[in-house]
Amino acid sequence: MSSQDASPRLTWTEEGEPRSGRFGDVYFSRDDGLAESRAVFLQGCDLPEAWAGRQGFTVAELGFGTGLNIAAVLDLWRRTRPEGARLNVFSVEGFPLTVEEARRALSNWPELAEPAEALLEAWPEATPGFHRVDLPGFDAVLDLAVGDVGWALDQWSGTADAWFLDGFSPALNPDMWSPQVLDRIAERSAPDARLATFTVAGAVRRGLSERGFVVDKRPGHGRKRERLEARRTGLPQAEHRPQVAIVGAGIAGASVARALAAAGLTAVVIEADRPGAGGSGFPAGLATPRLDAGDAAIAGLYAQALERARHLYDATPGAVLGRGVLQLPQAERDRARFAKIADQPVWREGAMTVIDAAAAEHRLGEAQADGGLMMADARVVRPAAILEAWLEGTPVLSATVASIRRAGDRWDLLDAQGRIIVTTDAVVAAAGWGVEALLETGGLSPVRGQADWRDGASVEGAAWGGYVAPTVGGLLYGATHTRGDVDLTPRDADSRQNLETLKARLPQLAARLSQEGGRRVAVRATTRDRLPVAGLRSDGLHILSGLGSRGFCIAPLLGEHVAALIAGQPSPLPASLAERVSPDRF
């Protein structure tokens, strides 16, 4: 979908109402859109009564539009939510508005100023795919799917307690109301789900009735005589809040811990040494995506992951050491490849830019004859700050998990002497290469990496096979890639190799290096297809591993995916991408 294809072709009426030129209809009623939203959708779904006593509640909406319905439900949720409860919102939009257009539309209702501003400050990108938005002031999270409604519902893993069907009318936008869409709505509804819509079209009424909803006409709002309310008549689902043990306190384990805490679940982290003892223990790390010009799914996965990582790191005090990373070419074909990557629709405007030699030299301070690909949304991060913030409030036990055994419907985690460390409801193996020894997945392989750092000199982040990254007081450079090697002893030969790699690309910087610094070794966990392992195994254990050298990019998103599976909440990951990283694919 090109940016032109995705335009709503917005115009404004003389009364200041936003109107879609694509569908020939206004986004909200001139007889007070907020009152209509409250009457049709909030009251129509029996809110707030429907979420009374609930610890989690999910609203799904077809037709995000200006965000008015979501701002209204956030306002109501903040005022009436049960103590400690969390709201999940899933919305679909095929033709997104810009944040400026949405701001103008929402400015009609100053009484919604706080939820509207929270939504606008985190306004999702318009690129195709899923976009997660945190709304911490409201104990809520929004997942916006940009794309075709049928695709979005196929890819969503959630179950809705309430549906807002707010697409343009069936006559103007029939795809939003097709039998296939109604099938997906029924499949993704909780047993006692509510549903509300402004339309009373016969096909919609019959379609919902045929799919198990009890449908009633109700008095409409403003000029609309009638509206629909519908409800499933099953019993509500029992809420379960499992205890979780996470094995590993690196970026993978910390990402799961942060996501579980946000979901309101209790977790304990078990680490043999200390947080950051493995690959997350270097003074800096690069949060850069895997660049794939041929596989749209992989490009989409890493684009979504980078977007999520960027937002989370930027919101974590002390986490970001540098914004933007320059990818330098390693071969002649990379110039054409970079151009193809920059043109992929999964990146927001300006996220990927091919720059020339002069711009590359300006950024790095010395000549770069071939230019490069400027990854504006990539980050250089400080792992210690991330781990400290994301593990705060989560107990970290110092122990070595040697085995895991089933204990009825729970799990025992045992040390080498067979003593129980903890017994828990769910387990996440997030110990990098250590996961293979613990679970014998058969899908993980080790790659030894040594990196060096020096005090004093600094530079902007860059990668080219080797890499360089700023630290708090200097720079980090490296790193070696030795497959099948798990020796953690630093080697002089590797330090020389890292220095030669740096000299070949940035000789002036290499000449300025001081002798003060350090070096460190860690073992990366990799897979045959170079994709991570994230999700639930067929034996009931959860895994987050196989991150390779992309852990700081991919772990935050996949940590949320794993946490959602445990919590029974909607995953931010589209189903097709979840399948690509499934632990059982091997």
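For the structure itself, consult the block above.
Just so it is clear, the structure is predicted and the values come from calculations on it, not from any experiment.

1. Details of the sheet that holds strand S12 (residues 244-247)
At step 1: Taken together, six strands build an open sheet; the order of strands is S18-S13-S12-S22-S30-S29 and the sheet is mixed. In the strand order of this sheet, the two ends are held by strand S18 (396-398) and strand S29 (533-536), each with one partner. Neighbour to neighbour, the strand axes of the sheet diverge by 20° on average, direction disregarded.
At step 2: Across four bridges, the pairing between S29 and strand S30 (residues 542-545) is antiparallel.

2. Structural notes on the packing of aromatic side chains
At step 1: Taken as a whole and assessed by the stated rule, the structure comprises ten aromatic pairs.
At step 2: An angle of 40° between the planes, with centres 5.4 Å apart, marks the rings of Phe41 and Phe164 as tilted. Of this pair, Phe41 sits in helix H1 (residues 33-42) while Phe164 sits in strand S8 (residues 160-165), and the two are 123 residues apart along the sequence.
At step 3: Ring geometry for Trp51 versus Phe57: centroids 5.6 Å apart, planes at 80°, classification edge-to-face. Both residues of the pair, Trp51 and Phe57, belong to the buried class.
At step 4: Ring pairs connect the aromatic residues Phe90, Phe130, Trp151, Trp156 and Trp163, which therefore count as one cluster.

3. What about helix H11 (residues 357-364)?
Helical periodicity: at 3.6 residues per turn, an α-helix aligns residues three or four positions apart in one direction.
At step 1: Near the N-terminus of H11, the side chain that reaches the backbone nitrogen of Ala358, with its oxygen 3.3 Å away, is that of Asp356.
At step 2: Once H11 finishes, Gly365 follows within two positions and takes phi at roughly 85°, a positive value.

4. Observations concerning the side chain of Arg290
At step 1: Mapped onto the fold, Arg290 is located in the loop between strand S14 (285-287) and helix H9 (296-314).
At step 2: Given the relative accessible area of 8%, Arg290 is considered buried.
At step 3: Of the polar contacts made by the side chain of Arg290, one reaches the backbone oxygen of Asp529; its length is 3.4 Å.
At step 4: Polar contacts involving the side chain of Arg290 include one to the main-chain carbonyl oxygen of Arg530, which spans 3.1 Å.
At step 5: Each residue touching Arg290, except ones within four places of it in the same chain, is listed here: Ile298, Tyr302, Asp529, Arg530, Leu531 and Arg550.

5. Structural notes on the sheet that holds strand S1 (residues 10-12)
At step 1: Taken in spatial order, the three strands of this open sheet run S1-S2-S3, and their pairing is antiparallel. In the strand order of this sheet, the two ends are held by S1 and strand S3 (25-26), each with one partner.
At step 2: Both S1 and strand S2 (residues 18-20) contribute to a ladder of three bridges, which runs antiparallel. Residue pairing for S2: Trp12 is matched across the bridge by Pro18.

6. Quick notes on the pattern of salt bridges
At step 1: Tallying each qualifying case throughout the model produces 46 salt bridges.
At step 2: Salt-bridge contacts for Asp415 lead to Arg419; the nearest nitrogen and oxygen are separated by 2.8 Å.
At step 3: Among the salt bridges present, the one from Asp494 reaches Arg448, with a minimum N-O distance of 2.4 Å. Linking Asp494 in helix H14 (residues 492-505) with Arg448 in strand S23 (residues 445-455), this pair joins segments that are 46 residues apart in sequence.
At step 4: On the accessibility criterion, Arg448 (0% relative accessible area) is buried.
At step 5: Taken together, the shared-partner salt bridges in this structure form one network comprising Arg132, Asp134, Asp143, Arg258, Arg308 and Glu560.

7. Looking at the nonpolar core
At step 1: The biggest cluster of nonpolar side chains holds 74 residues, and the ones touching the most others in it are Ile246, Leu260, Leu301, Tyr313, Trp347 and Leu544.
At step 2: Excluding residues within four positions of it along the chain, Leu301 makes contact with Leu531, Ile554, Leu557, Leu573, Leu577 and Val581.
At step 3: Ala50, Phe90, Leu182 and Phe213 belong to the second largest nonpolar core, which has 73 residues in total.

8. What to know about the packing of helix H8 (residues 251-262) against helix H16 (residues 551-567)
At step 1: At their nearest, the axes of H8 and H16 sit 8 Å apart, and the two run at 45° to each other. Considering their axes alone, H8 and H16 lie oblique with respect to each other. Crossing hand, H8 versus H16: right-handed. Every residue of H16 that contacts H8 at Ile251, Ala252, Ser255, Val256, Arg258, Ala259 and Leu260 is listed here: Gly551, Phe552, Ala555, Pro556, Gly559, Glu560, Ala563 and Ile566.
At step 2: Split by residue class, the contact of H8 with H16 holds ten nonpolar, three polar and two charged.

9. Things to note about the environment of Ser403
At step 1: By the element assignment, Ser403 lies in strand S19 (residues 403-407).
At step 2: Taking the relative accessible area as the measure of exposure, Ser403 reaches 27% and is therefore partly exposed.
At step 3: Sequence separation between Ser403 and Met176 is 227 residues; the distance between their C-alpha atoms is 50 Å.

Reading guide: rules and limits
- Residues numbered from 1 in each chain as written.
- Predicted model: local features only at pLDDT ≥ 70, side-chain atom pairs only at ≥ 80, totals over all residues.
- Heavy atoms only, no water.
- Pairing = 2+ DSSP bridges.
- Helix = DSSP H or I, 4+ residues; strand = E, 2+ residues; numbered from the N terminus.
- Axes fitted to C-alpha atoms, helices over the stretch in contact; angles between N-to-C directions.
- Phe/Tyr/Trp six-rings, centres within 6.5 Å; stacked < 30°, edge-to-face > 60°.
- Buried < 20%, exposed > 50% of the residue type's maximum accessible area, 1.4 Å probe, protein only.
- Polar contact = N/O pair within 3.5 Å; in protein donor to acceptor, adjacent residues only side chain to side chain.
- Contact = heavy atoms within 4.5 Å.
- Salt bridge = Lys/Arg side-chain N within 4 Å of Asp/Glu carboxyl O.
- Core = buried A, V, L, I, M, F, W, Y, C linked by side-chain atoms within 4.5 Å.
- Parallel < 35°, antiparallel > 145°, perpendicular 65-115°, else oblique.
- Left-handed = near helix turned anticlockwise from the far one by under 90°.
- Nonpolar A, V, L, I, M, F, W, Y, C, P; charged D, E, K, R; others polar.

Remember that the coordinates give geometry; whether it matters functionally is a separate question.
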